[in-house]
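Fold and contact review
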Amino acid sequence: MVSTLGVAVVGFGWMGRVHTQAYVRVPHHFPQLTVRPELIAVADEVPGRAEEAAGQYGFATAVRDWREVAADPRIQAVSVAAPNFLHREIGVAMAEAGKHIWIEKPVGLTAEDARAVADAVAKAGVQGAVGFNYRNAPAVSAARELIASGEIGTVTHVRIRLFSDYAAHPEGALTWRYERERGGPGVLGDLASHGVDLARHLLGEIASLAADTAVFVPERARPTAATAGHTRSTGGALGPVENEDYVSCLLRFASGARGVLEACRVSVGEQNNYGFEIHGTKGAVFWDFRRMGELGVSRGTSYQDQPVSTLYVGPGHGEYAAFQPGSANAMGYDDLKVIEAHNFLRSVAEGTPHGATLDDAVHSAAALDAIARSAENGTWASPADR
């Protein structure tokens, strides 16, 4: 029997739009779901933005104050896509109001924030999902299976990269993303959080790390109007960039494997260059998000001069079959969020977590806090020291 679940979206920038589109699409790709999302309310403080979203997507209600969402009995589940500094307040409030939450990473500004939301969700007995979307790529699922099966032997080392140019332009507006109080860590929260999640998802817990960070664009112009995404701004007063543009990090895993994680938001010439290379005692796997449906695989008994073949993902790899009927048909970023929506709604329907959870968010945030401590102190740090 299929039931209806009233959903709301809080924050309607780019990510709020992606969540909404995922809700609309999920019944078509996953018809076996026993719940169907119904768009009840959208909240955004920017005048006119919620009304525009309601008109375009069919939300029944548009409001500016997210507290109206928390108080609305028609709503059982909420997507939290507001700026980072609001994640804790909104996430806790929604859980205390009995709403299931699908919240974007990094779930606040610190591990303390993420734990507060996780504790509220656990206490309320609701489900909580987190926006670690790259783990949903079918090629990542294939890599995880290969690693777990021992096909590449014991993992020895990994390199995870997340390079982007979204903040490379010197006229990029000084939005909340660049302020410590509202944005928290910079590229740590934006990109390295995904890298940490991929590392844990594929290789297990991080035991310790050593990091370095830098700011390469120290000043930006304050925006003179409402912003969404990565808007340019000229004419506004200059202000300081308070959080990091770049991070490099050495990792030691509990398994004994070693790793390097590097992320940058001002990499000129790099557009969403996200991926990993994972080496084992018998082989390796390689993945590039920009060629999302391909996985480089080296396996066998040659060791030296062992070739790398390309695996084109298809039905049987992750949730690929929900989108395409045969191997090498392309999937895109938004499809990963549809998978995420499916995991969230399935969690609500079954009362059992599926996909990335708030526990994953807490572990990721603890690693980010450790990266910040290490960069400040110039010493190795452990995510467990919290």
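Preceding this section is the structure that the text describes.
Residues numbered from 1 in each chain as written. Predicted model: local features only at pLDDT ≥ 70, side-chain atom pairs only at ≥ 80, totals over all residues. Heavy atoms only, no water.

1. Quick look at the overall build of the chain
Helix and strand content of the chain: ten helices and 16 strands. Relative to its length of 386 residues, the chain is compact, with a C-alpha radius of gyration of 21 Å against a globular reference of 21 Å. Once the C-alpha set of the chain is aligned to its principal axes, its extents read approximately 60 × 55 × 40 Å. Evaluated residue by residue, the chain yields a buried proportion of 56% over its 386 residues. Summarising the internal contacts of the chain: among those between residues at least 6 apart in sequence, 70% fall at separations of at least 24. Summed over all atoms, the accessible surface of the chain reaches about 15,900 Å², with 49% contributed by carbon and sulfur. (Helix = DSSP H or I, 4+ residues; strand = E, 2+ residues; numbered from the N terminus. Rg over C-alpha atoms; globule rule 2.2 N^0.38 Å. Buried < 20%, exposed > 50% of the residue type's maximum accessible area, 1.4 Å probe, protein only. Contact = heavy atoms within 4.5 Å. Areas by Shrake-Rupley, 256 points an atom, 1.4 Å probe, with all protein chains shown as cover.)

2. Focus: helix α2 (residues 49-57)
Burial in α2 covers these residues: Arg-49, Ala-50, Ala-53, Ala-54 and Tyr-57. For α2, the angular spread of the buried residues around the axis is 135 degrees, confining them to a single face. Exposed positions of α2 whose direction lies more than 90 degrees from the buried face are Glu-52 and Gly-55. Turning to α2, the residues buried within the fold contact α1 (14-29), β2 (35-43) and β3 (61-63). (Arc of directions from axis to C-beta.)

3. Quick look at the pairing of strand β4 (residues 77-80)
The alternating pattern of β4 places Ala-77 and Ser-79 and Val-78 and Val-80 on opposite faces, both of which are buried. Summarising the sheet, strand β1 (residues 3-10) and β4 pair through four bridges and their orientation is parallel. Counterpart to Val-9 in the pairing with β4 is Ser-79. Handedness of the crossover joining β4 and strand β5 (residues 100-103) through helix α4 (residues 87-96): right-handed. (Pairing = 2+ DSSP bridges. Right-handed = clockwise from strand over helix to strand, strands pointing away.)

4. With respect to the sheet that holds strand β12 (residues 258-264)
Strand order in the open sheet formed by eight strands is β8-β11-β12-β7-β13-β14-β15-β16, with mixed pairing between adjacent strands. What marks the edges here is a single partner per strand, and that holds for β8 (206-214) and β16 (309-312). Direction aside, the axes of adjacent strands within the sheet are offset by 15 degrees on average. In terms of strand pairing, strand β14 (residues 284-288) meets strand β15 (residues 294-298) through three bridges, oriented antiparallel. Paired with Val-285 across the strands is Val-297, a residue of β15. On top of the sheet, helix α6 (residues 138-149) reaches β7 (155-163), β13 (273-280), β14, β15 and β16; it is set at about 20 degrees to β15, its chief contact. Here helix α8 (residues 187-203) sits on the sheet in contact with β7, β8, β11 (246-253), β12 and β13, set at roughly 155 degrees to β12. (Axes fitted to C-alpha atoms, helices over the stretch in contact; angles between N-to-C directions.)

5. Concerning the packing of α6 against α8
Where α6 meets α8, the closest approach of the two axes is 9 Å, and the angle between their N-to-C directions is 40 degrees. One finds that α6 runs oblique with respect to α8. On α8, the residues that touch Val-140, Ala-143, Arg-144 and Ile-147 of α6 are Leu-198, His-201, Leu-202 and Leu-203. (Parallel < 35°, antiparallel > 145°, perpendicular 65-115°, else oblique.)

6. Overview of the nonpolar core
Counting residues in each nonpolar core, the largest one holds 93 residues, and the members touching the most others are Phe-276, Ile-278, Val-285, Trp-287 and Leu-295. At nine residues, α8 tops the list of elements feeding residues into this core. Within the second largest apolar cluster, 37 residues are counted, among which are Ala-70, Val-78, Ala-116 and Val-126. (Core = buried A, V, L, I, M, F, W, Y, C linked by side-chain atoms within 4.5 Å.)

7. Focus on the packing of aromatic side chains
Tallied over the entire structure, the rule returns 13 aromatic pairs. The interplanar angle of 45 degrees and the centroid separation of 6.0 Å between the aromatic rings of Trp-102 and Phe-344 together place this pair among those described as tilted. With a gap of 242 residues between them, Trp-102 in strand β5 and Phe-344 in helix α9 (residues 333-350) connect regions that are remote in the sequence. Across this residue pair, the class does not change: Trp-102 and Phe-344 are buried. (Phe/Tyr/Trp six-rings, centres within 6.5 Å; stacked < 30°, edge-to-face > 60°.)

8. Overview of unusual backbone geometry
A cis amide bond links Lys-105 to the next residue, Pro-106, at an omega of 10 degrees. As for its placement among the helices and strands, Pro-106 is situated in the loop between β5 and α5 (111-124). You will see that Asp-305, though not glycine, has its phi angle at about 60 degrees, which is positive. Relative to the helices and strands, Asp-305 resides in the loop between β15 and β16. Take Asp-305: its relative accessible area is 72%, and that puts it in the exposed class. For Ala-328, which is not a glycine, the phi torsion comes out positive at approximately 75 degrees.

9. Regarding α1
Helix length check: α1 (16 residues) gives 22 Å between terminal C-alpha atoms against 22 Å at 1.5 Å per residue, within 8%. Of all the bends in α1, the greatest reaches close to 30 degrees and is centred on Tyr-23; the proline Pro-27 follows between one and four positions later. Every buried residue of α1 is accounted for by Met-15, Gly-16, Val-18, His-19, Thr-20, Ala-22, Tyr-23, Val-26 and His-29. Residues of α1 that are buried make contact with β1, β2, α2, β4, β5 and α9. (Expected span 1.5 Å × (residues − 1). Bend = angle between axes of the 7 residues up to and from the residue.)

Everything listed is a geometric property; what it means functionally is a separate question.
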